Amino acid sequence: MKRTNVLHVLGVLLLFLAAAMFFPIPFSLYYRDGTAWVFLAAAGLTAGAGYVLYRRAKPDGDLHVKDGFAIVTFGWLACGLFGALPYLLSGAIPNFTDAIFETVSGFTTTGATIVADIEVLPPGILFWRDFTHWLGGMGIIVLSVAILPYLGVGGMQLFRAESPGPTADRLTPRITQTAKILWGVYALISTVQVALLMLGGMNLFNALSHMFGTMGTGGFSTLNRSVGGFNSAYIDIVIIVFMFIAGSNFSLHYRFLRGDWRAHLRDIEFRWYTAVIGVAFVIVAADTVLFRADGIVRGLREALFQVVSIVTTTGFVTADYGQWASSSQFVLFCLMFIGASAGSTAGGIKIIRLVILVKFVSNEITHAVHPQAILPVRLGKTVVPRDVVTNVLGFSVLYLTLFAGGVLAMAGLGLDLLSAFGAAAATLGNVGPGLGSVGPVDTYAHIPAVGKWVLSALMLLGRLEIFTMLVLLSPVYWRR
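Residues numbered from 1 in each chain as written. Predicted model: local features only at pLDDT ≥ 70, side-chain atom pairs only at ≥ 80, totals over all residues. Heavy atoms only, no water.

Asker: Explain the overall build of the protein to me, and be specific about the residues and the numbers.
Answerer: Regarding its fold elements, the protein presents 21 helices and four strands. For the protein, buried positions account for 56% of its 480 residues. At a minimum sequence separation of 6, the contacts of the protein that also span at least 24 residues come to 70%. (Helix = DSSP H or I, 4+ residues; strand = E, 2+ residues; numbered from the N terminus. Buried < 20%, exposed > 50% of the residue type's maximum accessible area, 1.4 Å probe, protein only. Contact = heavy atoms within 4.5 Å.)

Here's what the structure looks like:
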């Protein structure tokens with residue numbers, strides 16, 4: 001690893017983060033909440049640190065694979081640290097641990113919060129809180145489509161031949177081209193959603209804030225009751241549609257916009273993604289319609305909203321699903337693990353990995369009956385390389401191991417078993433609200449400080465596809 005290369009790129013990242021801190025200032029001035037100086041100070045400190053790294057660490061040649069792992073991991077950590085400055089300087093979240101937790105939750109698009117009364121926060125702080133979702137969401141798309149596949153991790157490595165981007169052995173300027181394409185698609189869809197939300201009666205501030213949470217599949221809201229606070233069927237439907245879009249592979253959206261109208265329908269992962277939502281909706285809708293007295297239509301809408309919100313790991317809520325039937329809660333709990341598509345802003349294991357696992361298990365059953373048969377795993381007509389299948393198996397085992405470790409840690413800190421399961425699943429899967437005492441109408445404020453650091457680590461591990469962070473702990477990585 002060339003440390004100067006890594007530090008130089010981290011300097012550039014911090015300069016971009018400092019520039020992003022200017023965006024809440026117009027809203028702070030408009031609402032006269034007194035936080036404009038906070039963002040100027042935070043931007044100054046962030047830019048100062050970034051400038052020092054940028055100037056002192058001179059780049060030395062191209063970025064290679066080892067540099068990529070370090071940049072991805074330390075870049076997210078730096079965003080979590082410096083992104084917490086507005087909370088700390090304003091006093092909105094004066095506790096260091098809580099501020100880091102909230103910031104990591106924002107940038108990893110998790111949406112887990114320690115804030116009990118969201119509506120008392122200054123508008124400038126609320127805007128920054130939501131804006132971190134949008135920045136983190138776009139960041140993970142660029143990583144998952146353009147960078148992680150060439151580091152040998154990430155669900156999108158299955159499509160490395162089809163994806164624009166760098167060569168497989170090193171990171172090259174073609175990442176810039178990929179990033180521009182993805183930013184363009186992301187910004188276009190985001191703009192359309194803002195316009196539609198404003199047509200539904202939201203002001204610009206709320207429309208932007210909820211677009212950030214939707215497109216980033218994050219789930220931070222400006223209201224204590226989340227999207228349910230608007231009590232609008234129109235807004236629910238708009239957000240459902242755009243959560244579904246955000247949970248789909250953005251490479252497919254790009255192809256669709258370029259005129260390939262059947263890009264989504266040909267994609268096996270998209271078809272499974274749609275099928276998972278359909279099956280989960282039927283099960284949950286049966287419960288919500290049978291056990292409520294305030295209307296079938298509302299019950300169906302709430303069921304669809306929560307299913308799409310959880311499978312895309314967005315975490316917006318329109319109902320307290322903690323009060324739903326156990327079967328519905330179990331379905332939502334399973335969706336926390338499944339997640340949505342690779343190449344999207346969603347977290348979780350990802351649909352494509354589960355497809356590969358299902359096909360692998362099916363082949364193994366057949367192989368037990370016909371030991372001489374050669375049965376490669378196929379996605380459509382494409383044979384999945386054995387090393388990719390091995391990667392998926394390893395990732396899945398590691399994911400479940402980390403989940404078990406998170407449950408053990410939370411239970412050891414005094415959470416009941418349901419809450420421990422919910423907290424670990426919701427943070428590792430970047431969902432946000434979980435079950436039990438961290439359910440849709442609760443927060444993570446009551447969790448001890450040590451637990452918040454553990455959950456913050458789970459959020460980062462889940463967001464960065466696990467291997468990206470853990471590889472830095474391997475002695476092999478640090479050998480020359």
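Asker: Quick one: what's the story with helix α13 (residues 268-290), residue by residue and with numbers?
Answerer: Compared with the 33 Å implied by 1.5 Å per residue over 23 residues, the 33 Å span of α13 between its first and last C-alpha is a close match. Among the residues making up α13, those that are buried are I268, E269, F270, Y273, V276, I277, A280, V284, A285, D287 and T288. Measuring from the side-chain oxygen of the N-cap residue of α13 to the backbone nitrogen of E269 gives 3.3 Å; that N-cap residue is D267. (Expected span 1.5 Å × (residues − 1). Polar contact = N/O pair within 3.5 Å; in protein donor to acceptor, adjacent residues only side chain to side chain.)

Asker: How would you explain the nonpolar core if you had to name every residue and give the values?
Answerer: Formed by 126 residues in total, the largest nonpolar core has its most connected members in W128, L335 and Y444. If one sorts the elements of this core by residue count, helix α17 (residues 386-412) sits on top with nine residues. (Core = buried A, V, L, I, M, F, W, Y, C linked by side-chain atoms within 4.5 Å.)

Asker: Describe the pattern of salt bridges, naming the residues involved and giving the relevant values.
Answerer: In this structure the tally under the stated criterion is seven salt bridges. Note that D236 is salt-bridged to R301, the shortest N-O span being 2.9 Å. With D236 in helix α10 (residues 233-246) and R301 in helix α14 (residues 296-311), the pair connects residues that are 65 residues apart, well separated along the chain. Both residues of the pair, D236 and R301, belong to the buried class. E302 serves as the salt-bridge partner of R298, at 3.2 Å between the closest nitrogen and oxygen. Taken together, the positions of R298 and E302, both in helix α14 and four residues apart, correspond to about one turn of that helix. (Salt bridge = Lys/Arg side-chain N within 4 Å of Asp/Glu carboxyl O.)

Asker: Before we move on, could you go through unusual backbone geometry and cite the residues and values that matter?
Answerer: The residue N430 is not glycine, and still its phi comes out positive at about 60°. Within the secondary structure, N430 sits in the loop between α18 (417-428) and α19 (449-463). N430 gets classed as buried once you look at its relative accessible area, which sits at 0%. Backbone geometry places I466, a non-glycine residue, at a positive phi of 65°. Locating I466 in the fold gives a position in the loop between α19 and α20 (467-470). With a relative accessible area of 1%, I466 lands in the buried category.

Asker: Please give an account of the side chain of S232 that cites residues and values.
Answerer: Mapped onto the secondary structure, S232 falls in the loop between α9 (204-215) and α10. Judged by relative accessible area, which is 14%, S232 ranks as buried. Among the polar contacts listed, one links the side chain of S232 to the backbone nitrogen of Y234, at a separation of 3.4 Å.

Asker: An account of the packing of aromatic side chains is requested, with residue identities and associated values reported.
Answerer: Pairs of aromatic rings are described using the distance from one ring centre to the other and the angle between the two planes. This model, assessed by the stated rule, comprises 31 aromatic pairs. The ring of F220 has R129 sitting right over it, with the charged end atom 3.8 Å from the ring centre. Over the ring of F395 we find R353; its NZ or CZ atom is 3.6 Å from the centre of that ring. (Phe/Tyr/Trp six-rings, centres within 6.5 Å; stacked < 30°, edge-to-face > 60°. Lys NZ or Arg CZ within 6 Å of the ring centre and 35° of its normal.)

Asker: I'd like a description of the confidence of the model for the protein, backed by residues and values.
Answerer: Residues at a pLDDT of 70 or more form 90% of the protein, whose mean pLDDT is 88. In the model, residues 153-173 has pLDDT below 50 throughout and makes 57 contacts with residues more than four positions away in sequence or in other chains. (pLDDT = per-residue confidence, 0-100.)

Asker: Explain the packing of α14 against helix α15 (residues 326-338) to me, and be specific about the residues and the numbers.
Answerer: Between α14 and α15, the least distance of the axes is 8 Å, while the angle of their chain directions is 30°. With respect to their mutual orientation, α14 and α15 come out roughly parallel. In this structure, α14 contributes Q306, V307, I310 and V311 to the contact, and α15 contributes L332, L335 and M336. Looking at the contact of α14 with α15 residue by residue, the classes come out as six nonpolar, one polar and no charged. (Axes fitted to C-alpha atoms, helices over the stretch in contact; angles between N-to-C directions. Parallel < 35°, antiparallel > 145°, perpendicular 65-115°, else oblique. Nonpolar A, V, L, I, M, F, W, Y, C, P; charged D, E, K, R; others polar.)

Asker: Lay out the environment of I189 in plain terms, naming residues and giving numbers.
Answerer: Take I189: it is sitting in helix α8 (residues 174-199). Separated by 64 residues in sequence, I189 and H253 place their C-alpha atoms 9.4 Å apart. If near-sequence neighbours (up to four positions away) are discounted, I189 is found in contact with M215, F242, I245, F250 and H253.

Asker: Which residues make up α9, and what are the values?
Answerer: Across its twelve residues, α9 extends 16 Å between first and last C-alpha, which sits within 8% of the 16 Å expected from 1.5 Å per residue. Counting buried positions over the twelve residues of α9 gives eleven, a clear majority of the element. For α9, the set of buried residues is F205, N206, A207, L208, S209, H210, M211, F212, G213, T214 and M215.

Asker: Explain the environment of V358 to me, using residue names and the numbers behind them.
Answerer: Within the secondary structure, V358 sits in helix α16 (residues 351-369). Taking C-alpha positions, V358 is 9.6 Å from V377, a pair spaced 19 residues apart along the chain.

Asker: Please provide a residue-by-residue account of a nonpolar patch on the surface, values included.
Answerer: A cluster of nonpolar side chains, L188, V192, F256, L257 and W261, forms an exposed patch at the surface whose accessible area comes to about 490 Å². At the level of secondary structure, the elements contributing two or more residues to the nonpolar patch comprise α8 and α11 (250-257). With respect to the helices and strands, L257 occurs in helix α11. (Patch = residues over 30% accessible without salt bridge, like charges linked within 9 Å, V, L, I, M, F, W, Y side chains within 5 Å. Areas by Shrake-Rupley, 256 points an atom, 1.4 Å probe, with all protein chains shown as cover.)

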